[in-house]
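These are the residues of each chain, in order.
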Amino acid sequence: MKQDGPRFGTLAVHAGQEPDPLAGAVMVPIYQTSTYVQPALGQPQGYEYARLQNPTREALEENIAALEGGRFGLAFSSGLAAIEAVIKRLSTGDHLICEENVYGGTQRMLNHVLARWGLQSSFVDSRDLDRLRDALRPNTRLMLLETPTNPMMRICDIEGAAQIAHDAGVILIVDNTFATPYNQRPLELGADVVVHSTTKYLNGHSDIIGGMVVTNDQRVFDDLSFIRKSTGAVPGPMDCWLCLRGTKTLHLRMRQHNESGLKVARFLEQHPNVERVYYPGLASHPQHELACHQMRGFTGMISVDTGSFERARALAEATQVFALAESLGGVESLISHPAMMTHASVPAERRLAMGITDGLVRLSVGVEDVEDLIEDLDQALRSV
Ligand SMILES: *Cc1c(COP(=O)(O)O)cnc(C)c1O
C-alpha cells in the first residue's frame, strides 16, 4: 500500500473528523435536520436541503474515501443503492460485464430490474482474464467485479482487469465489501470506482444498512452527485454517525477477523466432516498467490462444503456461538446457507456451476475468542 501522510489506523480515527465549530465537540454531531436556514433570498450558506448536503454524511464520506486512498466519497442508503447509482450513468442499449459470482442482489438488480430498461449484462468468470477481454463489445461501458467473491472466495486480478478495461475505454468498478480497504485498495491497483455495502465490515456492528462509492475521477463524482440528488437514495444522519463510529475501529477489527479467520479455516481444513474449505489465505486455495499479491489479509469470510444438505443443515442449526443469519462482517459470528439464503434468487443450475452446492455453508468469523468459535464448530460438526 502507498504510504504518504498518516497511516491507516490514524486515518480511520481522524479523517473527516474536524471538531465541531459551534462547541468544539470532538465527535461529529448528528445533524438531524432536513433543511437549513438561508439568511437572504438566493444566498444559501452551502447547505440547502439534506438530500443534497448533510455534515454528518460528509464526515463519513471523507473518512471512508481516505481509507480507500480516494479523493471523493458518496454515501448511499444501501450497498445496492450505491451500485445502482454507478450503473445509472449508463443508458438504454449500453452493455456491462459483471463477474458471475457477485452478490446475489446485484445479479437480481441487473437481470430483473435494469434489463427491463434495456441494459445488457454479460456474466463471466473473471478469474480468467481472457474471458473478460472476450466479453467486451463495442457498446461495453462498464466492468463490475467483486473480489473475493461471495460465497466462493474467487479472486480476480484487479491490475489485470484494469488494463483490459482501460484499453477498451471501459470503467472498472470493484465491490470491495468483502476485503475492506484495510486488506485491499482497488484504486491503487487501477480500479476507477470502489463500491461498498457499509452494512458489513465498514460499519461492523450489524446495526445499519448503508452504501458508499469512492473514486478519484472528478467526472464520475460529479455524475454520481447529480444522480444521487436526482434519485434520492441517501442515508440518514444517524446511520452515517453509527457507521463513522464503526470505521474508527476498522483496523483493530480487521486484524482480529484476519487472524481468527485463518485459524478457523485451518481448523476446518483438517476436520474429517468437512469436504472442502474456500479461504484465500489457505495455501490450498487455487489463487492463494494472487490473493497474497493484492491483499494484506483474508478477512473472516470462509465457505465450507460439508458434502450434503443434511450436513449443512445440521451444522447451521447446531452451532451455539455462530448465529444462523444473513449478512456478514459484524463483530458477532454468523453462519448462513447461500443456496437457500443469499443466493436463492440465482437459478439452481447457475448456482451449482459456480460451486454453490446444497452442502455449502458460509461463515462470518467475528471477534469473539477464537477458541470458543473453534470449539463451537467442532461440537456442531461432530453432531453431523
Ligand atoms: C451485502 C452486499 C451488497 C448489498 O449491500 P446492501 O447494503 O445489503 O444493499 C453488495 N455487495 C456485497 C459484496 C455484499 O455483501
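Residues numbered from 1 in each chain as written. Predicted model: local features only at pLDDT ≥ 70, side-chain atom pairs only at ≥ 80, totals over all residues. Heavy atoms only, no water.

**Overview of the environment of threonine 199**
Secondary-structure assignment places threonine 199 in the loop between strand E6 (193-197) and strand E7 (211-215). With 131 residues separating them along the chain, threonine 199 and glycine 330 place their C-alpha atoms 8.7 Å apart. What threonine 199 contacts, discounting residues up to four positions off in sequence, is Ile208, Ile209, Gly210, Ser327 and Leu328. In this structure the side chain of threonine 199 is engaged in a polar contact, spanning 3.0 Å, whose partner is the backbone nitrogen of glycine 210. (Helix = DSSP H or I, 4+ residues; strand = E, 2+ residues; numbered from the N terminus. Contact = heavy atoms within 4.5 Å. Polar contact = N/O pair within 3.5 Å; in protein donor to acceptor, adjacent residues only side chain to side chain.)

**Points about the sheet that holds strand E1 (residues 72-76)**
In spatial order, the strands read E1-E7-E6-E5-E4-E2-E3; together these seven strands make up an open sheet with mixed pairing. With partners counted over all chains shown, the strands left at the sheet margins are E1 and strand E3 (120-124), one partner each. The sheet shows a mean angle of 20° between the axes of neighbouring strands, taken without regard to direction. As paired elements, strand E2 (residues 95-99) and strand E4 (residues 140-146) share four bridges and run parallel to each other. When the bridges of E4 are listed, isoleucine 97 appears paired with methionine 143. Lying on the sheet, helix H8 (residues 218-231) is in contact with E1, strand E5 (171-175), E6 and E7; it crosses E1 at an angle near 25°. (Pairing = 2+ DSSP bridges. Axes fitted to C-alpha atoms, helices over the stretch in contact; angles between N-to-C directions.)

**Overview of the side chain of threonine 180**
Within the secondary structure, threonine 180 is located in helix H7 (residues 180-183). Here threonine 180 is in contact with His196, Tyr201 and Met254, once residues within four sequence places are set aside.

**Re the pattern of salt bridges**
Counted according to the given criterion, the structure contains 14 salt bridges. Across the pair aspartate 94 and arginine 141 runs a salt bridge whose closest N-O atoms are separated by 2.8 Å. One end of the pair, aspartate 94, is in the loop between helix H3 (79-87) and E2; the other, arginine 141, is in strand E4, and 47 residues separate them in sequence. Since its relative accessible area comes to 33%, arginine 141 is described here as partly exposed. Here aspartate 130 and arginine 133 are joined by a salt bridge, their closest N and O atoms 2.9 Å apart. On the criterion of helical spacing, the pair formed by aspartate 130 and arginine 133 is a turn pair, its members being three residues apart in helix H5 (residues 129-134). Several salt bridges share partner residues, and in doing so they unite Glu99, Glu100, Asp125, Arg127 and Arg154 into one network. (Salt bridge = Lys/Arg side-chain N within 4 Å of Asp/Glu carboxyl O. Buried < 20%, exposed > 50% of the residue type's maximum accessible area, 1.4 Å probe, protein only.)

**Considering the domain arrangement of the protein**
Each assigned domain of the protein is listed here: domain 1 (8-247) and domain 2 (250-382). In this assembly, 43 residues from domain 1 lie in contact with 41 residues from domain 2. Among the residues domain 1 hides against domain 2, the three largest losses belong to Met152, Tyr182 and Tyr201. Together they make up 23% of the total. The tally of links between domain 1 and domain 2 comes to zero salt bridges. For the pair domain 1 and domain 2, the number of links is 21 residue pairs in polar contact (both at pLDDT 80 or more). Going through the elements one at a time, helix H1 (8-14), helix H4 (104-112), helix H6 (158-167), H7 and helix H9 (237-247) are the ones with two or more residues in the side of domain 1 that touches domain 2. (Domains from an automatic or database assignment. Buried area = accessible area lost by both parts, 1.4 Å probe.)

**Let's talk about the site of the ligand**
Around the ligand, the surrounding shell holds 14 residues, and the nearest of these are Gly79, Asp175, Ser197, Thr199 and Lys200. In the environment of the ligand, a nitrogen atom lies 2.7 Å from a nitrogen or oxygen atom belonging to the side chain of aspartate 175. Between an oxygen atom of the ligand and a side-chain N or O atom of threonine 199, the distance comes to 2.8 Å. Coverage of the ligand by the protein amounts to 94% of the 380 Å² it exposes when considered alone. Looking at the shell around the ligand residue by residue, the class counts come to five nonpolar, six polar and three charged. (Near = heavy atom within 4 Å. Areas by Shrake-Rupley, 256 points an atom, 1.4 Å probe, with all protein chains shown as cover. Nonpolar A, V, L, I, M, F, W, Y, C, P; charged D, E, K, R; others polar.)

**Let's talk about H6**
Along H6, the residues classified as buried are Ile158, Gly160, Ala161, Ala162, Ile164 and Ala165. At the N-terminal end of H6, a side-chain oxygen is found 3.2 Å from the backbone nitrogen of glutamate 159, two or three residues along, and the residue is aspartate 157.

**Some points on the nonpolar core**
Leu60, Ile64 and Val214 are the most contacted members of the largest nonpolar core, which has 36 residues in total. With five residues, helix H2 (residues 55-68) is the single largest residue contributor to this core. Two domains each put at least three residues into this core: domain 1 (8-247) and domain 2 (250-382). Apart from the residues within four sequence positions on either side, valine 214 is in contact with Ile64, Ala65, Glu68, Gly70, Phe72, Gly73, Leu187, Asp192, Val193 and Val194. Formed by 30 residues, the second largest nonpolar core is a distinct cluster that contains Ala265, Leu282, Leu315 and Val361. (Core = buried A, V, L, I, M, F, W, Y, C linked by side-chain atoms within 4.5 Å.)

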